[in-house]
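Here's the letter readout for the chains.
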Amino acid sequence: MMTRNWIKKVFLDRKVEKSPQVKKILDKLIGVPVEVVDGEEKIKLELRLSSDSVGESKKILFLTEQKAFIRPCPCTPGCVGCGYWTIDLDINCPLDCSYCILQRYLEEQPLTVSVNREALKNELELFFEQKRTRLLRIGTGELGDSLALDELTENSLFLVELFRKKPSYFLELKTKTAEIELLLKIRPEPNIVLAWSLNTEKMVHSEERGAASLEDRLTAATRAVNHGYRVAFHFDPIIHYPGWLEGYERVVEKLFGRIPVEAIAWVSLGTLRFPSDLLTVARRRFPESTIYEHEFVRSWEGKFRYPRPLRIKIYSELRRMFSDFRAENKLYLCMESSAVWAAFLEKNKRGRLISAFPFPWLS
Amino acid sequence: MILRKIQINEINLEDRRFRFTCGHPDEKFLRSIKEISVVEPVKIIKRKASLVLVSGWKRVEGAISCGLEELPGLEIPENLSDLETFALAFYENYSHHQFSLAEKSLAVRRFSDFGLGQTELISRILPILELPPTRHTLEVLLELSDLEESLPVIHNKDWKLPTAELFLRFPPEERRLMLSLVSDLSHNKQREIIELFYSLKKRQNRNLKAIIDEPAIASCLERFKKNKPEAADKLLSILRKEVSPLVHRLCEEIDREIGQFKLPNNVRLDYDRTLEKSNLTLEVMVSSQEELRETVNKILNSLEKENWKRLFELLYREEE
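Residues numbered from 1 in each chain as written. Chains lettered and ligands numbered in written order. Predicted model: local features only at pLDDT ≥ 70, side-chain atom pairs only at ≥ 80, totals over all residues.

(A) Here's a closer look at the overall build of chain A. Helix and strand counts for chain A stand at 13 helices and 20 strands. Taking 2.2 N^0.38 as the reference for a compact globule, 363 residues should give roughly 21 Å; the C-alpha atoms of chain A span a radius of gyration of 20 Å, in line with that estimate. Judged by the C-alpha coordinates and their principal axes, chain A covers about 55 × 50 × 35 Å. Out of the 363 residues belonging to chain A, those deemed buried represent 45%. In chain A, once contacts between residues fewer than 6 apart in sequence are set aside, the share between residues at least 24 apart is 77%. (Helix = DSSP H or I, 4+ residues; strand = E, 2+ residues; numbered from the N terminus. Rg over C-alpha atoms; globule rule 2.2 N^0.38 Å. Buried ≥ 20, exposed ≤ 12 C-beta atoms within 10 Å, placed from the backbone. Contact = placed C-beta atoms within 7 Å.)

(B) Representation of the overall build of chain B in the model. The helix and strand tally for chain B stands at 16 helices and six strands. A globule of 320 residues ought to have a C-alpha radius of gyration of about 20 Å, yet chain B, at 29 Å, is considerably larger. When the backbone C-alpha atoms are referred to their principal axes, chain B occupies close to 90 × 50 × 40 Å. The buried share of chain B, reckoned over its 320 residues, is 28%.

(C) Focus on the sheet that holds strand 3 (residues 50-55) of chain B. Residue and element names in this part refer to chain B. The strand order across the open sheet built from four strands is 1-4-2-3, with neighbouring strands paired in mixed fashion. Each of the sheet's edge strands pairs with one partner strand only, and the pair in question is strand 1 (2-7) and strand 3. Each strand axis lies, on average, 45 degrees off the axis of its neighbour in the sheet, ignoring direction. Summarising the sheet, strand 2 (residues 42-47) and strand 3 pair through five bridges and their orientation is antiparallel. The partner of K43 across the bridge, within strand 3, is S55. The sheet contacts of helix 3 (residues 82-94) involve strand 2, strand 3 and strand 4 (70-76), and relative to strand 3 the element is tilted by about 35 degrees. (Pairing = 2+ DSSP bridges. Axes fitted to C-alpha atoms, helices over the stretch in contact; angles between N-to-C directions.)

(D) Spotlight on the interface of chain A and chain B. If you look at the interface, chain A gives 23 residues, while chain B gives 28 residues. Those elements that provide at least two residues to the side of chain A that touches chain B are helix 2 (41-48), strand 17 (297-298) and helix 12 (308-323) of chain A. Element by element, the count of residues in the side of chain A that touches chain B is highest for helix 12 of chain A, at six residues. Tallied by class, residues from the side of chain A that touches chain B come to nine nonpolar, eight polar and six charged. (Nonpolar A, V, L, I, M, F, W, Y, C, P; charged D, E, K, R; others polar.)

(E) Structural view of the packing of helix 10 (residues 244-258) of chain A against helix 12 of chain A. Residue and element names in this part refer to chain A. Between helix 10 and helix 12, the least distance of the axes is 10 Å, while the angle of their chain directions is 30 degrees. As judged from the angle between their axes, helix 10 and helix 12 are roughly parallel. As helix 10 runs across helix 12, the sense of the crossing is right-handed. Along its contact with helix 10, which presents L245, Y248, E249 and V252, the element helix 12 presents E317, L318, M321 and F322. Taken together, the residues of the contact of helix 10 with helix 12 break down into six nonpolar, no polar and two charged. (Parallel < 35°, antiparallel > 145°, perpendicular 65-115°, else oblique. Left-handed = near helix turned anticlockwise from the far one by under 90°.)

(F) Summary view of the domain arrangement of chain B. Each domain of chain B was delimited in the assignment, giving domain 1 (1-97), domain 2 (98-150), domain 3 (169-243) and domain 4 (253-315). Look at where the C-alpha atoms of domain 1 of chain B and domain 3 of chain B centre, and you get two points 40 Å apart. (Domains from an automatic or database assignment.)

(G) Spatial organisation of unusual backbone geometry. Residues and elements named next belong to chain A. Residues D236 and P237 are joined by a peptide bond in cis, for which omega reads 5 degrees. Along the chain, P237 turns up in strand 14 (residues 230-238). Despite not being glycine, R326 has its phi angle at roughly 55 degrees, a positive value. Considering the arrangement of structural elements, one finds R326 in the loop between helix 12 and strand 19 (331-333).

(H) Broad picture of the confidence of the model for chain B. Mean pLDDT over chain B works out to 93, with 100% of the residues at or above the 70 mark. For chain B, the element scoring lowest by mean pLDDT is helix 12 (residues 215-225) of chain B, at 85; helix 4 (residues 101-113) of chain B scores highest, at 98. (pLDDT = per-residue confidence, 0-100.)

(I) Up close: helix 9 (residues 214-227) of chain A. All names here are of chain A. The terminal C-alpha atoms of helix 9, which comprises 14 residues, lie 20 Å apart, in line with the 20 Å expected from a rise of 1.5 Å per residue. On its buried side, helix 9 packs onto strand 12 (192-197), helix 8 (201-207), strand 14 and helix 10. With its phi angle positive at about 115 degrees, G228 sits one or two positions after the end of helix 9. (Expected span 1.5 Å × (residues − 1).)

(J) Quick peek at helix 7 (residues 155-163) of chain A. All names here are of chain A. Those residues of helix 7 that fall on the buried side of the exposure criterion are N155, S156 and L159. Along the axis of helix 7, the buried residues cluster in a sector spanning 95 degrees; they form a single face. The secondary structure elements touched by the buried residues of helix 7 are strand 7 (90-91), helix 6 (150-153) and strand 11 (169-175). K165 sits one or two residues past helix 7 and shows a positive phi near 60 degrees. (Arc of directions from axis to C-beta.)

(K) Structural context of the sheet that holds strand 16 (residues 273-275) of chain A. All names here are of chain A. Taken in spatial order, the three strands make up an open sheet running 16-18-17, and their pairing is antiparallel. Both outer strands of the open sheet, strand 16 and strand 17, are each paired with one neighbouring strand and no more. One ladder, built from two bridges, connects strand 17 with strand 18 (residues 303-305); its direction is antiparallel. Across the sheet, V297 pairs through a bridge with R305, a residue of strand 18.

(L) Representation of the nonpolar core. With 110 residues, the main nonpolar core has V193, L194, V231, A232 and F233 of chain A as its most contacted residues. Per element, the largest residue contribution to this core is seven residues, and it comes from helix 12 of chain A. Setting aside residues no more than four positions away along its own chain, A232 of chain A makes contact with E172, V193, A195, I264, A265, W266 and V267 of chain A. By size, the runner-up hydrophobic cluster in this structure holds 56 residues, among which are I6, V54, A102 and M178 of chain B. (Core = buried A, V, L, I, M, F, W, Y, C linked by C-beta atoms within 7 Å.)

(M) Representation of the environment of P127 of chain B. Residues and elements named next belong to chain B. Take P127: it is sitting in helix 5 (residues 118-128). The class of P127 is exposed, set by 11 C-beta atoms lying within 10 Å. The sequence separation of P127 and R47 amounts to 80 residues, and the corresponding C-alpha distance is 31 Å.

(N) Expanded view of the pairing of strand 11 of chain A. Residues and elements named next belong to chain A. Along strand 11, six of the seven residues are buried, which leaves the element largely enclosed by surrounding structure. In terms of strand pairing, strand 10 (residues 136-139) meets strand 11 through four bridges, oriented parallel. Bridging across to strand 11, G139 finds its partner in E172. Of the strand pairs in this sheet, strand 11 and strand 12 are connected by five bridges, and their pairing is parallel. Within the sheet, the bridge partner assigned to T175 lies in strand 12 and is W196.

(O) Region of interest: the environment of I64 of chain B. Among the secondary structure elements, I64 of chain B is positioned in helix 2 (residues 57-65). Spatially, the C-alpha atom of I64 of chain B lies 70 Å from that of T295 of chain B, the residues being 231 residues apart in sequence.

(P) Spotlight on the confidence of the model for chain A. Here chain A shows a mean pLDDT of 92. Residues at 70 or above account for 94%. Low pLDDT, under 50, characterises residues 348-357 of chain A; the stretch is placed with 18 contacts to residues that sit more than four places away or in other chains.

(Q) Examining the environment of F197 of chain B more closely. All names here are of chain B. Relative to the helices and strands, F197 resides in helix 10 (residues 187-204). For F197 and M178, which are 19 residues apart along the polypeptide, the C-alpha to C-alpha distance reads 9.1 Å. Setting aside anything within four residues of it in sequence, one finds F197 in contact with M178, L208 and I211.

Laid out in structure tokens, this is it:
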């Protein structure tokens, strides 16, 4: 993807000016103007002056430090959680997907990379110390793409080293890119999971600006598996449009045409959902997109979702597609109500409801 | 500044360069002028050979309505630039007036036309107007300020920014058409109708005219023209049904099933109309133990009916 070609300007937090990690990153951005700042305010002002502050924010890199990195994934009130934890190392994403919630959450936030790795290392060690009792999944793909900036930051390599010899902690690096070259140079571990968000070719083309094609993602996943990594996939958001069923069927067929079931750690399913204030931003930024003009209901937590009978239908079709490849037991739902989980599990005949960790096959 | 009595006909009321407020004198205001005349001086400034009104449009309009020929005026030194003069009008109103979105758009337009730069407008004026300080907001406001025909409705119904932004996505002829339909409705109804029309237009890839020519909507609009107040609710109901066919159809089936039960009058059966929850709620209104027993027995007896089974099937139904 060559992220470095996208970046128009670097803002450097004075507090990290002398950091060796900063020097490494800037060495890869020769020719890009760099300005030292005392905080985010100046950057925010610059972004506000742009007609498309969200689009502009994806071209500005801010190197800074952060106090805390790890937090439980907030899920959504009233949904069945999956016990996921997140590491917020990069905040914001250079990809530009029409459905992305970050457009609203991080409207004036540049591509923010925290370079105080020692602090993260200490925090993780403490975390491993405190969470000893069970298997745990943790990932960097919540507020950004785990690998989109990796050629600059090499954060994946740093994180993998921290998770070596920690078999009960699964590190997930979730991406819509094919940027895995660095990871192919190191030794994999069973608890390092490379994950791809997948969508139909039609949706990748129309809604996922800047992301790798479906073919490229699957090729990258295949290379990862051949190298010895476990992989995961996220069908999220699943979008309902004329031809959706055939579209997702083709994705699932392609997936299992290349990836053996045994190499898959988990697969999440989640249908399109969004808070109402994303609607204004997304309609403005993606006037050609029609994904927001579907039948939605305002669900219990205020988000728009497809009506429950339709969601159940979608999940049940996806489950059928996965069961054709004997992979249905890898599935879980992301941010779904207990009513939908119940309908899903009734067919699955397995698992517990309201489970903090619905992945018994990992144990 | 000089305080003096001015003749209303000294003011060139055609020159509205400083006007950004949209209010007009109401009955109470006029009564007050009739009783005590205009007490608070209006602000004026000399431009070329005539006086231009800076602030006090409502007072001048009220004075004219009440047949006054003069009123107190505070003359601002003419060496003030238009930008400085407008800032005076703006901040004078700002302290005691809650601006509507239409007025905010006009204020921003005036500041911009008088030479205030974009950075100043975004970082200084928009926060004062309690709007997001972004260039996009500024662009929306400037576009809005050009919609002369629409501004009175936007002002009177106190539109919010997202409604206006969506409205601007319609082409001009459709905006006019829509305003002719919704101008008398409350803001909430206007907002919802605009949203529903927008959604239908994009979903069906049709223009607004084609949508409102559909027989059901057209007949509803006929009633509109005859000033039937319930026509707005009918229109909303038709549009909601078109935008949410699945939920609407299922709710109709569930309602039909519930109607078959013939439950006692003190029992109400209800469900979540978004269908997010799959449970029923049963409300029983009783005032004695005996009445409760009797009611529960009636409910238990009704459980033999097949309708209950069908009702739960409907609540758990997967889209086919």
